[in-house]
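Geometric and topological summary
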Amino acid sequence: MNSQNTPVHIRLWHRDFWLMAMANLLLTMAVYVLIPVMPKWLLQTENLTIQETGMIMGAFGVGIFLFGYLTSWLVQRFRRNIACIWAILLMAAMLGWLYYLDLQKSQFFDFPILLVQRLALGAAFGVAQMILSSTLIIDTCESFQRTEANHSASWFSRFALSLGPLTGIIVDRLSGFSTVLLVAIGCSLVAIIFIMLVHFPFRTPEENVRVMSLDRFFLPQGWPLIINLMVVTFVVGLLLSMTTSELFYVMVMVGFFAALLAQRFMFRNADLESEVITGLVLTGVALLMMLTRQQTIVSFAAPMFIGFGLGIIGSRFLLFFIKLSRHCQRGTAQSTFFLSWESGLALGIGLGYGLLEQQSGPVLQVALVTTAAVLLFYHFFTHGWYITHKNR
């Protein structure tokens with residue numbers, strides 16, 4: 001069997017790693033809490049059109065790329081934890097700016113102002129997350145544990161895709177959008193505290209570090225994996241554009257936990273291709289159920305299948321990126337995975353609002369056709385390409 005598994009080392013789960021993993025969860029939740037509630041605020045409070053709302057939500061996926069080329073220079077020029085903290089502080093400032101705009105309920109704000117805010121939030125989040133995942137997390141563990149550390153920590157940001165929107169929906173219903181923004185700011189500040197509690201020894205900067213570089217930013221040779229993962233999360237983004245149900249996100253979390261168990265038991269010695277194929281097939285089944293059935297069981301089973309599929313696909317693709325990378329490119333592989341994941345998600349949410357206008361029929365039809373296409377692309381091209389080009 002051509003399989004690859006990540007070993008479990010109990011010694012990895014020490015205090016510093018737990019703090020970094022929780023910082024990863026909170027940092028991601030700080031932006032995901034806005035997914036189900038910010039569009040409603042843009043439409044109802046700011047009186048924007050649904051097309052403008054889609055552009056603003058999708059702009060986040062553009063923002064994460066804006067300053068990624070500076071990541072390596074920032075890590076070398078400044079203390080790596082301090083650079084991450086400043087990026088998170090900028091995130092909190094952008095959320096605070098949105099909070100201020102919400103307080104000005106007597107006036108409407110122009111579309112360009114809100115677009116710039118969303119771009120800036122994405123840019124700050126991109127830098128913070130790339131430094132955290134590509135540098136800080138792996139600096140808390142031994143060299144032989146780094147793949148496991150990447151794999152485990154990524155699950156915490158994946159959990160945020162359920163916990164963040166769920167928190168946003170509940171808080172918005174109880175206290176309103178302004179309180180959701182305060183929760184997001186609070187998540188950012190607690191993430192900073194967790195990072196400050198970990199000691200990162202001084203590291204002598206490398207000489208002749210370029211200000212602009214693809215190091216710790218983007219792995220262009222992984223383009224088939226990038227396309228595949230972006231399309232998978234694009235499908236999920238489409239679904240998130242039409243979903244504001246607490247039950248949906250609860251069942252997605254159930255699916256995530258089922259995926260964790262399946263990786264350890266069902267897929268332990270399975271063929272390498274089986275996880276991605278299974279995840280895509282289950283995603284397709286979930287979309288067919290949502291498109292053709294109205295029974296109550298669909299509300300439970302479909303989002304659980306989505307969570308299960310996304311969980312095993314995300315985990316496997318992260319390992320693909322790591323094993324594709326060359327020596328000293330682990331951080332770059334991690335950042336490329338992050339960019340592919342987030343840009344696909346933002347694009348799906350943006351198009352779900354801007355072009356499909358939250359109409360469940362067209363959204364589900366586009367998602368189903370896209371899932372079928374990416375399944376064929378992965379089976380007939382991407383997997384074979386990866387087997388040929390992997391380096392580890």
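Cut-offs applied
- Starting afresh in each chain, residues are numbered from 1 along the sequence in its written order.
- Totals for whole chains, interfaces and linings use every residue, but because this is a predicted model, local features are given only for residues with pLDDT of at least 70 and side-chain atom pairs only at 80 or more, for both listing and counting.
- Excluded from the side-chain calculation are hydrogens and water; included are all heavy atoms of the structure.
- The secondary structure listing takes helices from DSSP runs of H or I that are at least 4 residues long and strands from runs of E that are at least 2 residues long, numbered from the N terminus.
- The rule is simple: take the accessible area with a 1.4 Å probe, protein chains only, and divide by the maximum for that residue type; under 20% is buried, over 50% is exposed, in between is partly exposed.
- Expected span of a helix, by definition, is 1.5 Å for each gap between consecutive residues, and there is one gap fewer than residues.
- Contacts are assigned to residue pairs with any non-hydrogen atoms lying within 4.5 Å of each other.
- A pair of cysteine sulfur atoms is labelled a disulfide when the two atoms are within 2.5 Å.
- The axes used here are C-alpha line fits, helices contributing only the stretch in contact, and every angle between their N-to-C directions lies in the interval 0 to 180 degrees.
- Roughly parallel refers to an angle under 35 degrees, roughly antiparallel to one over 145, roughly perpendicular to one between 65 and 115, and oblique to any angle outside these ranges.
- Three classes are used, and their members are as follows: Ala, Val, Leu, Ile, Met, Phe, Trp, Tyr, Cys and Pro are nonpolar, Asp, Glu, Lys and Arg are charged, and the others, Gly among them, are polar.
- Pairing of aromatic side chains here covers Phe, Tyr and the six-membered ring of Trp, requires ring centres within 6.5 Å, and sorts the geometry by plane angle: under 30 degrees stacked, over 60 edge-to-face, intermediate tilted.
- Only Lys NZ and Arg CZ are tested; either one counts as a charge over a ring when it is within 6 Å of the ring centre and within 35 degrees of the ring normal.

Although it is not a glycine, Asn47 adopts a positive phi angle of roughly 55 degrees. By secondary structure assignment, the location of Asn47 is in the loop between helix H2 (38-44) and helix H3 (50-63). Residue classification places Asn47 among the partly exposed residues on the basis of a relative accessible area of 47%. Positive phi values are uncommon outside glycine, yet Arg216 reaches one of about 65 degrees. Among the secondary structure elements, Arg216 is positioned in the loop between helix H8 (177-196) and helix H9 (223-240). The class for Arg216 is buried, based on a relative accessible area of 14%.

What follows concerns helix H11 (residues 274-292). Between its first and last C-alpha, H11 extends 27 Å over 19 residues, near the 27 Å set by a 1.5 Å rise per residue. Elements that come into contact with the buried residues of H11 comprise H9, helix H10 (246-264), helix H12 (296-324) and helix H14 (360-389).

With respect to the helices and strands, the residue Ala21 is situated in helix H1 (residues 15-32). Separated by 136 residues in the primary sequence, Ala21 and Ser157 have C-alpha atoms spaced 8.3 Å apart.

Applying the stated criterion across every chain yields a total of zero disulfides. In this structure Cys187 is a free cysteine whose sulfur lies 15 Å from that of Cys84, the closest cysteine sulfur available. Given a relative accessible area of 9%, Cys187 falls into the buried group.

What follows is about the packing of H3 against helix H13 (residues 330-354). At a closest axis distance of 7 Å, the pairing of H3 and H13 adopts a crossing angle of 180 degrees. Regarding the angle of H3 to H13, the classification is roughly antiparallel. Contacts between H3 and H13 pair Ile50, Gln51, Thr53, Gly54, Met57, Gly58, Phe60 and Gly61 from the former with Glu342, Ser343, Ala346, Ile349, Gly350, Tyr353 and Gly354 from the latter. Considering only residue class, the contact of H3 with H13 consists of six nonpolar, eight polar and one charged.

Here we come to the packing of aromatic side chains. Applying the stated rule across the entire model yields 23 aromatic pairs. Seen in terms of ring centroids, Trp223 and Phe381 are 5.9 Å apart; in terms of plane orientation they differ by 35 degrees. Their pairing is tilted. Here Trp223, found in helix H9, pairs with Phe381, found in helix H14; they are 158 residues apart in sequence, far enough to count as distant. The exposure class assigned to Trp223 is partly exposed, which follows from its relative accessible area of 42%. Taken together through their ring pairs, the aromatic side chains of Trp13, Phe17, Trp18, Trp155, Phe156, Phe159, Phe256 and Phe257 make up a single cluster. The ring of Trp155 carries the charged tip of Arg158 above its face, separated from the ring centre by 4.6 Å.

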